[in-house]
Amino acid sequence: MVKTNEGLKEGSRKTIKSNNGIGCVEGQNFKRTAESISSQLHHLPPDVLRSILVRLPFRDSCRMGALSHKWQGLWRQCCSKVIFTKATMFHSANTNLRRTRANFARRVNNILKQLCSTATLNKFVVKFGMRRKHSCLVDRWIQFCAAAKARHITLDFTPGMAGLAKGSPDDKYIFPMHVFSGADRSSAHLKSLYLGYVCLHTASAGFTGFANLKKLTLHNVSVTGDLQCLMLPECAVLEWLSITCCTLPVLTVCQPLNRLRYLRCNRCSLEKIELQAPNLATFDLTNRPISFALGGSPRMVEATIYLLYNGMPNGDNLDYIYTKLPAALPHVQKLSITSRLSIYDEVLDVPESTSLQSFAKTSARFINLRHLNLYLPLYGDKSSIGGVLRLSYFLELAPVLEELELHVDCCDASIQWALRGDMPPHQHDNLKRVLMSGACCWEGTIELAYYILRSASKLQCMIMDPMIRIEPCAVDEWILADINKGRKMAKKLLEREEFKDILTIL
């Protein structure tokens, strides 16, 4: 069962090879200890032994199955999860064995040969940098997990950073969706599917969809055809959909996804999203400004929007935020927005005496928005007032807003003016707490704080933090000096008797 090299001193470390193909470096006393434990456990009832094996990590359960024919039989019966990763296939102390794809595949094949293909698997995981040229090997693994009616499948072939830089879409393994469309209806058992660094041909012949799929995650996947083929015709039970770093210009699904609760679309260069998801609760989007419709989503709890730079000189996304987002997310309760904000009064030909730059407005409102977080790297003229004061429109867009967080970055502090009161406040009766970081380095942010203090009649607390909380941002001694200068000016301008129980400047 275990082969050791003769002639080595007792207690030295050796390579032990078991019949499941997993190699590891252990001391000589491992065999004696394992056999002693095995003899002690040998008299326990089989149900107890199976319960022990089920609770062990995959690597340890494989090693226990190599102790004897009895243990191997028990392991085959109770093995409900198969996890093939670098950590489970290669021992960290074994530096003599190269962690190549060939060695990885050989060890996977050795283990699968010992498993009963008719057993039902709960989890099947492969995480290693396999490529299209290894299709013959990977196809057999997928056929095995389909025959075993695996409920949760993870195939993550994502390489390291160097591999991603050198890789080509033609190197990606083509996921054989037709394997799950056999007469045995193996796709009906699938509950969750994670695919990383593969290619999907959604128009595969004979593929009829995943009828009971609840969670679908696609990362760095090349999609040819229409993604909705993955969900048609029966995939109405989908609850979780995550698509990141994929080549997917359009995401449209005609059939209602009534059970969809979570949707994430990050860095996919999307041009359009159109879904009917009436029960969607969480939405996460990282993309350039695009048109999207989610069917109203009256139960939307939280949305995170990260708007990438739109490429327009001296432009920002504020008009998009003010017009498109309220129309698409009217019922959201907690909203987080990250976007650059350009501060150039002269770009819009706004006279210096004007308090507020012009911007697009809409009749749509965030009717349920209570928590708003804004992460806004600012660019432009540090002395601009109207550019930053455009943010005051959020008080009109969110009439029931209770908490506001505003985080901006830094520029040279040169605040040399007095607060202006020519911009009439907008009465807001629900805002209670405001937190502003990086708040003392732009003239407009101090003016914005003053506007909010005058507008929010029920305001209980406003904290102005001069430090920069947007990551990453290195604060050197010059920036720190500017922050201290801005803090002193903010205290001079805002620490008044009328605000003493509300305002705190850190």
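See the structure above.
What you see is a predicted model, and the numbers here were worked out from it, not measured in a lab.

Draft legend 1. Here's a closer look at the overall build of the protein. Each helix and strand counted, the protein has 13 helices and 25 strands in total. Across the 506 residues that make up the protein, the buried fraction comes to 49%. The long-range share in the protein, meaning contacts at least 24 apart out of those at least 6 apart in sequence, stands at 66%. With the model as given, the accessible surface of the protein reaches about 23500 Å², and the carbon-plus-sulfur share is 52%.

Draft legend 2. Representation of the nonpolar core within the structure. In this structure, Phe124, Ile273, Phe283 and Leu329 are the most contacted members of the largest nonpolar core, which totals 129 residues. Counting residues per element, this core draws most heavily on helix 12 (residues 443-455), at seven residues. Here Ile273 is in contact with Leu251, Cys265, Phe283, Leu285, Ile290, Ser291, Phe292, Ala293 and Leu294, once residues within four sequence places are set aside.

Draft legend 3. Local environment of helix 12. Across its 13 residues, helix 12 extends 19 Å between first and last C-alpha, which sits within 8% of the 18 Å expected from 1.5 Å per residue. The buried fraction of helix 12 amounts to 12 of the 13 residues, a majority that puts the element mostly inside the structure.

Draft legend 4. Broad picture of unusual backbone geometry. For Cys245, which is not glycine, the phi dihedral falls at a positive 55 degrees. With respect to the helices and strands, Cys245 occurs in the loop between strand 11 (240-244) and strand 12 (250-252). Located in the positive-phi region is Ser269, a residue other than glycine, with phi close to 55 degrees. Among the structural elements, Ser269 can be located in the loop between strand 13 (262-266) and strand 14 (272-274). Relative accessible area serves as the criterion here: at 54%, Ser269 is assigned to the exposed category.

Draft legend 5. Focus on the sheet that holds strand 6 (residues 173-174). If you trace the three strands from one edge of the open sheet to the other, you get 6-8-10, paired in parallel fashion. Each having just a single partner strand, strand 6 and strand 10 (222-224) make up the two edges of the open sheet. Both strand 6 and strand 8 (residues 198-201) contribute to a ladder of two bridges, which runs parallel. Paired with Tyr173 across the two strands is Val198, which belongs to strand 8.

Draft legend 6. The sheet that holds strand 14, seen in detail. What the three strands build is an open sheet, ordered 12-14-16; its pairing is parallel. Only two strands of the sheet have a single neighbouring strand rather than two, namely strand 12 and strand 16 (291-293). Going across the sheet, the axis of each strand differs from the next one's by a mean of 10 degrees, ignoring polarity.

Draft legend 7. Representation of the environment of Leu494 in the model. Mapped onto the secondary structure, Leu494 falls in helix 13 (residues 477-494). As for Leu494 and Tyr450, which are separated by 44 residues in sequence, their C-alpha atoms are 7.1 Å apart.

Draft legend 8. Region of interest: the packing of aromatic side chains. With the rule as written, the count across this model stands at 13 aromatic pairs. Consider the rings of Phe90 and Phe104, whose centres lie 6.5 Å apart with planes at 35 degrees: the pair is tilted. One end of the pair, Phe90, is in the loop between helix 5 (86-89) and helix 6 (101-114); the other, Phe104, is in helix 6, and 14 residues separate them in sequence. Residues Phe90 and Phe104 agree in their burial class; the two are buried.

Draft legend 9. Up close: the packing of helix 12 against helix 13. Relative to each other, helix 12 and helix 13 sit at 30 degrees, their axes nearing to 11 Å. Taken as axis vectors, helix 12 and helix 13 run roughly parallel relative to one another. In terms of crossing hand, the pair formed by helix 12 and helix 13 is right-handed. Between helix 12 and helix 13, the residues in contact are Ile446, Ala449 and Tyr450 and Gly486, Ala490, Leu493 and Leu494, respectively. Tallied by class, residues from the contact of helix 12 with helix 13 come to six nonpolar, one polar and no charged.

Draft legend 10. Inspection of the pairing of strand 15 (residues 282-287) at higher detail. Counting buried positions along strand 15 gives five out of six residues, so the element sits mostly inside the fold. Two elements, strand 13 and strand 15, share five bridges in a ladder whose sense is parallel. Along strand 15, the bridge assignment pairs Arg264 with Asp284.

The rules behind these values
- Residues numbered from 1 in each chain as written.
- Predicted model: local features only at pLDDT ≥ 70, side-chain atom pairs only at ≥ 80, totals over all residues.
- Heavy atoms only, no water.
- Helix = DSSP H or I, 4+ residues; strand = E, 2+ residues; numbered from the N terminus.
- Buried < 20%, exposed > 50% of the residue type's maximum accessible area, 1.4 Å probe, protein only.
- Contact = heavy atoms within 4.5 Å.
- Areas by Shrake-Rupley, 256 points an atom, 1.4 Å probe, with all protein chains shown as cover.
- Core = buried A, V, L, I, M, F, W, Y, C linked by side-chain atoms within 4.5 Å.
- Expected span 1.5 Å × (residues − 1).
- Pairing = 2+ DSSP bridges.
- Axes fitted to C-alpha atoms, helices over the stretch in contact; angles between N-to-C directions.
- Phe/Tyr/Trp six-rings, centres within 6.5 Å; stacked < 30°, edge-to-face > 60°.
- Parallel < 35°, antiparallel > 145°, perpendicular 65-115°, else oblique.
- Left-handed = near helix turned anticlockwise from the far one by under 90°.
- Nonpolar A, V, L, I, M, F, W, Y, C, P; charged D, E, K, R; others polar.

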